[in-house]
Amino acid sequence: MAFDGIAARCIVWELSGIITGGKVLKVFQPEEDEISLQIRKNTANYRLLISANPQNARIGITGLSKENPMTAPNFCMALRKHLQGGIISDISQKDCDRIITISFDTYNDMGDRVNRKLVAEIMGRYSNIVLLNGDDIIIDSIRHVDSRVSSYREVLPARPYLPPPPQDKLLPWEPDTASRAVEAFADSDHRDKACGKLLMDMISGFSKPLCVSICEMAGLACDMKAGEAAKDPEAMARLREALSEVLLRIAENRYSPGIILQGGVTPRDFHPLAEFSAESSKRYRTLSSCMDDFFRERDLEEHRKSVSGGLLKVINGAIDKNTKKLAALRADIEDAGDFEKLKVSGDILAANLYRLSGGEEEIVCDDYSTGEPVKVTIPLNPHQSPGRNLQNYYKSYKKKRSKAENALVHIGETEEELAYLATIRFSLETCVSMDDIAQIRTELREGGYVKKTPEKLKKRPPAVKSEGFDTAETSDGFALWIGKNNIQNELITTRRAKFDDVWFHVKHGPGAHVILRASEQGGRITGKAVCEAALVCAARSGAGSGDSCEVDYTRVKHVKKQGGGKPGMVTYTNYKTIVVKVT
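(A) Examining the pairing of strand 17 (residues 502-506) more closely. The element strand 17 is largely enclosed, with a buried count of five among its five residues. Neither face of strand 17 is left uncovered, since the one carrying Val502, Phe504 and Val506 and the one carrying Trp503 and His505 both have all their residues buried. Examined bridge by bridge, strand 17 and strand 18 (residues 514-516) share three bridges and lie antiparallel to one another. In the strand pairing of strand 18, Phe504 is matched with Val514. Two strands pair when backbone bridges link them, and strand 17 and strand 19 (residues 548-555) are joined in this way by five bridges, in the antiparallel orientation.

Written as structure tokens, this is what we have:
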């Protein structure tokens, strides 16, 4: 993430104007590596979040709330003892590093006025939160670091606080920073470095995304060697101009926080100078609110992946189980494939039973079942009577026949269940919202794939919301309903659609049910509407760009839910097939 030194400078500037002079009312530690301070200033309350999570390390005002543990961790108790009731006197940054110090004026147990400091080290996997006394002695830290972890410094109670090693870099607000950075491009020590890497190595607080943006502003490739770029005076002039503009904005604290959107849609990153990115961005008034939205979306995405991953594991387990079951059933049919021969042998033996006196190991008889008599040898158990041998043949015949018939029935059921599970897996892999995942979980729970907890047994399953499915419109004005999972597919097909509407589904594969709302147009349809609806159906069923896909379509009156079948499983007649190529 782009919480670089510039983001730290921006957040210090923001916090200084918002919470300096504020009083610490409460302290919480909702996560093992995250704290939040409830601060009141004038008549407003603020929640200051400091996270040392390796992936989410940051500091800022947040509107997000989390459930706190019943028992406060030791570090939280230390913060409550030393900071609760204190007044924030200063917020500062060390040079342009990601080290932010918040100073508090408070009182000790004796009632004497003392100074306490909370240091937020936002450094990726080395992030930490350290509480210091007025003499910079460590009281406690959210993450203890001993000599086995770091040979440079220990972060342990009662040790003197030693900041991370300083970086010998140019500070962004110094007047000659732009000139010295550009001159370094022609230096023999740096000419083999990439342009973006050189800027990042030269200027304190610069991250790779910001360096990429500056290179793009100057018309340089970020991975171009500095020595090659230095040969072009015009490129160096453009670089100096772009760099000077960025540095001026930093020096004057004129920021433009924003979430950088990949492809104009997906949040990829955030930065206090998002306007300099070549990609589109969503702008915010403060960096705190920007980070709040960014990490909320990311946390939701991680939660979605975690939940869907658990359900996917259940589905894949069910698929593996049924695949093995199907193989076993087919093996049963193959094993029982000669049961008719057993009946023939039994019939021949019955016709020749009078010839047996007992103790024979086999009997040679004429087989008339094929027309001309054929000599066949029928093995016998010499330790059993002729009647018992005959019973054994008929018994084996009935057993194998029953086994084969039972396997045939269960093969059909197992194949249907595998097809159904494939539709659920496809829906889960393509869904994007927690509501859609909740519907799939409900479907799996009702199908017996996910166990019901006692609490859930007491509650009625949540009703399916009609808003769950997607809607669209063809270029000639026909409305489309698009299901995203089996529950939504069943809803739009069997409950909401009219008889005159047109139903679409890919041939022989899982995917979305699509309803073309012909009933709103008096039952009429157009070739253009059919083609566009089929394209939507193919695209929502996993067909990639350039793929040809067969799509079946018919009036809804010809689509019937399978009796006792799983959600979304239907049969249909009077259909036509259209082949579309996904663009």
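(B) Highlighting the pattern of salt bridges. According to the stated counting rule, one finds 28 salt bridges in the structure shown. For the salt bridge of Arg268 with Glu279, the shortest nitrogen-to-oxygen distance reads 2.6 Å. Here the residue Arg268 occupies a position in strand 11 (residues 266-271), and Glu279 occupies one in the loop between strand 11 and strand 12 (281-283), the gap between them amounting to eleven residues. Owing to a relative accessible area of 28%, Glu279 belongs among the partly exposed residues under this scheme. Ionic pairing is found between Arg540 and Asp470, a salt bridge with its closest N-O pair at 3.1 Å. Of the two residues, Arg540 sits in the loop between helix 14 (527-539) and strand 19 while Asp470 sits in strand 15 (residues 470-473), which places them 70 residues apart along the sequence. Salt bridges sharing partners connect three or more residues here, namely Asp436, Asp470, Lys484 and Arg540.

(C) Seen up close, helix 11 (residues 434-446). Across its 13 residues, helix 11 extends 18 Å between first and last C-alpha, which sits within 8% of the 18 Å expected from 1.5 Å per residue. Within the sequence span of helix 11, burial applies to Asp436, Ile437, Gln439, Ile440, Thr442, Glu443, Leu444 and Arg445. Positive backbone phi, at 85°, marks Gly448, one or two positions downstream of helix 11.

(D) Quick peek at the sheet that holds strand 11. Strand order in the open sheet formed by three strands is 11-10-12, with antiparallel pairing between adjacent strands. In this open sheet, the two strands that pair with only one neighbour each are strand 11 and strand 12. Mean inter-strand twist for the sheet, computed between neighbouring axes without regard to direction, equals 30°. Bridge analysis of strand 10 (residues 258-262) against strand 12 gives three bridges, and the strand direction is antiparallel. Residue pairing across strands places Gly258 opposite Arg283, the latter belonging to strand 12. The strands that helix 8 (residues 287-335) touches are strand 10, strand 11 and strand 12; relative to strand 11, the one it contacts most, it runs at about 150°.

(E) Up close: the side chain of Thr62. Position of Thr62 among the secondary structure elements: in the loop between strand 4 (58-61) and helix 2 (74-83). With a relative accessible area of 9%, Thr62 lands in the buried category. At 3.0 Å, the side chain of Thr62 and the backbone nitrogen of Leu64 are in polar contact. Once you skip the residues sitting within four places of it in the chain, Thr62 turns out to touch Arg47, Leu49 and Asp292.

(F) View of the confidence of the model for the protein. The pLDDT averaged across the protein works out to 88; a share of 97% of its residues lies at or above 70. Low confidence marks residues 455-466, where pLDDT is under 50. Its contacts with residues over four positions away, or in another chain, come to 13 contacts.

(G) Seen up close, the sheet that holds strand 19. An order of 15-16-18-17-19-22 is seen for the six strands of this open sheet, with the pairing classed as antiparallel. If you trace the sheet from one side to the other, it starts and ends with strand 15 and strand 22 (576-581), each paired once. Across the sheet, the axes of successive neighbouring strands diverge by a mean angle of 30°, strand direction being ignored. Strands in contact with helix 14 are strand 16 (479-482), strand 17, strand 18, strand 19 and strand 22; relative to strand 22, the strand with the most contacts, it is inclined by about 70°.

Calculation rules
Residues numbered from 1 in each chain as written. Predicted model: local features only at pLDDT ≥ 70, side-chain atom pairs only at ≥ 80, totals over all residues. Heavy atoms only, no water. Buried < 20%, exposed > 50% of the residue type's maximum accessible area, 1.4 Å probe, protein only. Helix = DSSP H or I, 4+ residues; strand = E, 2+ residues; numbered from the N terminus. Pairing = 2+ DSSP bridges. Salt bridge = Lys/Arg side-chain N within 4 Å of Asp/Glu carboxyl O. Expected span 1.5 Å × (residues − 1). Axes fitted to C-alpha atoms, helices over the stretch in contact; angles between N-to-C directions. Contact = heavy atoms within 4.5 Å. Polar contact = N/O pair within 3.5 Å; in protein donor to acceptor, adjacent residues only side chain to side chain. pLDDT = per-residue confidence, 0-100.

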